Amino acid sequence: RPALAPMPLIGLNVASWLLVQGAGSTLPLMKSVCDLGLIPGELTQSVPPGTRFPMGEGLACLTGPGRQTSHVFTSMFLHGSWMHMLGNMWFLWIFGNNIEDSMGRARYAVFYLACGITAAMTQVFLNADSPIPMVGASGAISGVMGAYLILYPRVRVYCIVPIGIFPISIALPAWTMLIYWAGLQMVSGLIGMMGAQD
């Protein structure tokens, strides 16, 4: 089957980025993260309504009343930057197709959402009183990549690596791509934190 299986999930993420987050424009991006991102302290009600989190020059996110439980779901389809979104969708495109082939479309969608919710709730447990909004599909995609390593432990992934001016193709164990993806998440997170502090 052509590698189009993950398209509905990729489409939802990309549509959210373009239509809800304004393709990274400052005000729509900050508003979406604040209004639809998952704030652990809001969910656990461990921070009072009106708690401020600075999000840039002259901008701040205020926690609202209530637990905002729907944000556990909505936060999974939002991202903090172009790099964050494109990196996640690239890996979902590469690895999601094989997992959906193994599970079937419906089970794959449930698995994807369950991984994202589990990752979000783990983060909430570890930072229960945080006023910082969380967004991204990283938790769901980490579950997809974990499933890939379990189902296809000996598969090698072909990568194009530039050596000087000549690109070469090398075969790497799939687990090396997981390490590379984790590195991308760390860099993206650091860029997002620095942007919020500016």
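Residues numbered from 1 in each chain as written. Predicted model: local features only at pLDDT ≥ 70, side-chain atom pairs only at ≥ 80, totals over all residues. Heavy atoms only, no water.

1. Observations concerning the overall build of the protein chain
Turning to step 1, where the next piece is worked out: The helix and strand inventory of the protein chain stands at eight helices and four strands.
Turning to step 2, where the next piece is worked out: Secondary structure elements of the protein chain occur, N-terminal to C-terminal, as α-α-α-β-β-α-α-α-α-β-β-α.
Turning to step 3, where the next piece is worked out: In the protein chain, which comprises 198 residues, the share counted as buried stands at 38%.
Turning to step 4, where the next piece is worked out: Put simply, of all contacts in the protein chain between residues at least 6 apart along the chain, 72% involve residues at least 24 apart. (Helix = DSSP H or I, 4+ residues; strand = E, 2+ residues; numbered from the N terminus. Buried < 20%, exposed > 50% of the residue type's maximum accessible area, 1.4 Å probe, protein only. Contact = heavy atoms within 4.5 Å.)

2. Considering the state of the cysteines
Turning to step 1, where the next piece is worked out: Applying the stated criterion across every chain yields a total of one disulfide.
Turning to step 2, where the next piece is worked out: Two residues share a disulfide in this structure: cysteine 34 and cysteine 61, whose sulfurs sit 2.1 Å from each other. Handedness of the cysteine 34-cysteine 61 disulfide follows from its S-S torsion of about 85°: it is right-handed. One end of the pair, cysteine 34, is in helix α2 (residues 26-36); the other, cysteine 61, is in strand β2 (residues 59-62), with 27 residues separating them in the sequence. (Disulfide = S-S within 2.5 Å.)

3. A word on the packing of aromatic side chains
Turning to step 1, where the next piece is worked out: Within the structure shown, the criterion is met by seven aromatic pairs.
Turning to step 2, where the next piece is worked out: Note on tyrosine 108 and tyrosine 112: the rings are 6.5 Å apart at their centroids and 50° apart in plane angle, and the pair reads as tilted. Residue tyrosine 108 and its partner tyrosine 112 are located together in helix α6 (residues 105-126), separated by four residues, close to a single helical turn.
Turning to step 3, where the next piece is worked out: Every member of this aromatic cluster is reached through a ring pair, and the members are Trp90, Phe91, Phe95, Tyr148 and Tyr152. (Phe/Tyr/Trp six-rings, centres within 6.5 Å; stacked < 30°, edge-to-face > 60°.)

4. A few points about the environment of valine 157
Turning to step 1, where the next piece is worked out: Tracing the chain through its elements places valine 157 in strand β3 (residues 156-163).
Turning to step 2, where the next piece is worked out: Judged by its relative accessible area of 10%, valine 157 falls in the buried class.
Turning to step 3, where the next piece is worked out: Spatially, the C-alpha atoms of valine 157 and isoleucine 170 are 8.1 Å apart, while their sequence positions differ by 13 residues.

5. Topic: the pattern of salt bridges
Turning to step 1, where the next piece is worked out: Tallying each qualifying case throughout the model produces two salt bridges.
Turning to step 2, where the next piece is worked out: A salt bridge links lysine 31 to aspartate 35; its shortest N-O distance comes to 2.7 Å. One end of the pair is lysine 31 and the other is aspartate 35, both in helix α2 and four residues apart, which spans about a single turn.
Turning to step 3, where the next piece is worked out: In this structure lysine 31 comes out as exposed when scored by relative accessible area, which is 53%.
Turning to step 4, where the next piece is worked out: Among the ionic pairs, glutamate 100 bridges to arginine 105, the shortest N-O distance being 3.4 Å.
Turning to step 5, where the next piece is worked out: Residue glutamate 100 is classed as buried on the basis of its relative accessible area, which comes to 3%. (Salt bridge = Lys/Arg side-chain N within 4 Å of Asp/Glu carboxyl O.)

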